[in-house]
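# Commentary on secondary and tertiary structure
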Amino acid sequence: MDFTPIGKNIRKYRRLRKLNQDKLAEMVDLSVNYLGQIERGEKSCSLETLINIANALEVSSDMLLCDVVKASYTVKDSLLHEKLDKLSEKDRARIYDIIDTEIKHSIRVKP
């Protein structure tokens, strides 16, 4: 299994929370080296460690796993919805038009 997407998500939310690796490692009682290896996808972590990281970052576990779990599109849809909600109605309509165009030109469209 490739753990790189999980590590990238941990890094993304750590940076969004304006935490450096030292601070997050301290919060979850890990060495900075081990946390770095997790973020680079070089090492996996236990479920307990993943939960501790999610709690420290104040995110749900599905946000950390969203690029690994097949049902993650539900999470991505939710995150996209949050982003679209912040836009003006005009900008939102423009983005929906772009999405519709991309879908029309997609090779694999489910019936």
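As a convention, each chain's residues are numbered from 1 in the sequence order in which they are written. In keeping with the model being predicted, local features are shown solely for residues with a pLDDT of at least 70 and side-chain atom pairs are shown and tallied solely at 80 or more, while totals for entire chains, interfaces and linings include all residues. Each side-chain value is worked out from all heavy atoms of the structure, with water and hydrogens disregarded.

It is worth spelling out helix α1 (residues 4–16) at this point. Starting at the N terminus, helices and strands are each numbered in turn, a helix being any DSSP run of H or I of at least four residues and a strand any DSSP run of E of at least two. Multiply 1.5 Å by the residue count of a helix minus one, and that product is the helix's expected span. In this model, α1 (13 residues) spans 18 Å end to end at C-alpha, consistent with the 18 Å of a helix rising 1.5 Å per residue. To sort residues, take the accessible area from a 1.4 Å probe on protein chains only and compare it with the maximum for the residue type: under 20% means buried, over 50% means exposed, and anything in between is partly exposed. Buried within α1 are the following residues: Pro 5, Ile 6, Gly 7, Asn 9, Ile 10, Tyr 13 and Arg 14. Two residues or fewer after α1 comes Lys 18, characterised by a positive phi angle close to 55°.

Attention now goes to the packing of α1 against helix α4 (residues 47–57). Any two packed helices are characterised by how steeply their axes cross, that is the angle between the axes, and by the distance between the axes. Look at α1 against α4: their axes get within 10 Å of each other, and the N-to-C directions meet at 25°. Looking at the two axes, α1 sits roughly parallel to α4. In this structure, α1 meets α4 at a crossing whose hand is left-handed. Contacts between α1 and α4 involve Ile 6, Ile 10, Tyr 13 and Arg 14 from the first element and Leu 50, Ile 53 and Leu 57 from the second. To get an axis, fit a line to the C-alpha atoms, keeping to the stretch in contact for a helix; angles then go from 0 to 180 degrees between the N-to-C directions. Roughly parallel means an angle under 35 degrees; roughly antiparallel, over 145; roughly perpendicular, 65 to 115; everything else is oblique. We call a crossing left-handed when the near helix sits turned anticlockwise from the far one by less than a right angle, and right-handed when that turn is clockwise. By the convention used here, residues are in contact when the closest approach between their heavy atoms is within 4.5 Å.

Turning next to unusual backbone geometry. Of note in the backbone geometry, Lys 18 takes a positive phi value of approximately 55° without being a glycine. Positionally, Lys 18 belongs in the loop between α1 and α2 (21–27). At Glu 58, a position not held by glycine, the phi torsion is positive, near 60°. Position of Glu 58 among the secondary structure elements: in the loop between α4 and α5 (61–65).

On to the nonpolar core, then. Counting 18 residues, the largest nonpolar core has Ile 10, Leu 24, Ile 53, Leu 57, Val 59 and Leu 64 as its most contacted members. Taken together, the elements giving at least two residues each to this core come down to α1, α2, α3 (32–39), α4 and α5. By convention a nonpolar core is built from buried Ala, Val, Leu, Ile, Met, Phe, Trp, Tyr and Cys residues, the set being connected through side-chain atoms within 4.5 Å.

Basic side-chain nitrogens of Lys or Arg form a salt bridge, by our definition, when they fall within 4 Å of a carboxyl oxygen of Asp or Glu. Throughout the structure, instances matching the rule amount to four salt bridges. For Arg 40, the salt bridge identified is with Glu 42, shortest N-O distance 3.0 Å. Arg 94 serves as the salt-bridge partner of Asp 91, at 3.5 Å between the closest nitrogen and oxygen. Of this pair, Asp 91 and Arg 94 both sit in helix α7 (residues 89–104), three residues apart, which is roughly one turn of that helix. Asp 91 gets classed as partly exposed once you look at its relative accessible area, which sits at 30%.

Further remarks concern the side chain of Arg 14. As for its placement among the helices and strands, Arg 14 is situated in helix α1. Within 3.5 Å is the distance limit for a polar contact, defined as a pair of N or O atoms, with the added protein rule that one can donate a hydrogen and the other accept it, and that residues adjacent in sequence qualify only through two side-chain atoms. Side-chain polar atoms of Arg 14 contact the side chain of Glu 39, separated by 2.6 Å. Apart from residues lying up to four places away in sequence, Arg 14 is in contact with Leu 19, Asn 20, Gln 21, Leu 24, Glu 39 and Leu 57.

Below, the discussion takes up a nonpolar patch on the surface. Patches draw on residues past 30% relative accessible area with no salt bridge. Two like charges within 9 Å are joined, as are two nonpolar side chains (Val, Leu, Ile, Met, Phe, Trp, Tyr) within 5 Å. The accessible surface values rely on the Shrake-Rupley method and a 1.4 Å probe; as for residues, cover is taken only from the protein chains in view. A cluster of nonpolar residues, Leu 80, Tyr 96, Ile 99 and Ile 103, forms a patch on the protein surface that exposes about 330 Å² of accessible area. A per-element tally of the nonpolar patch places α7 first, with three residues. Of note, Ile 103 is situated in helix α7.

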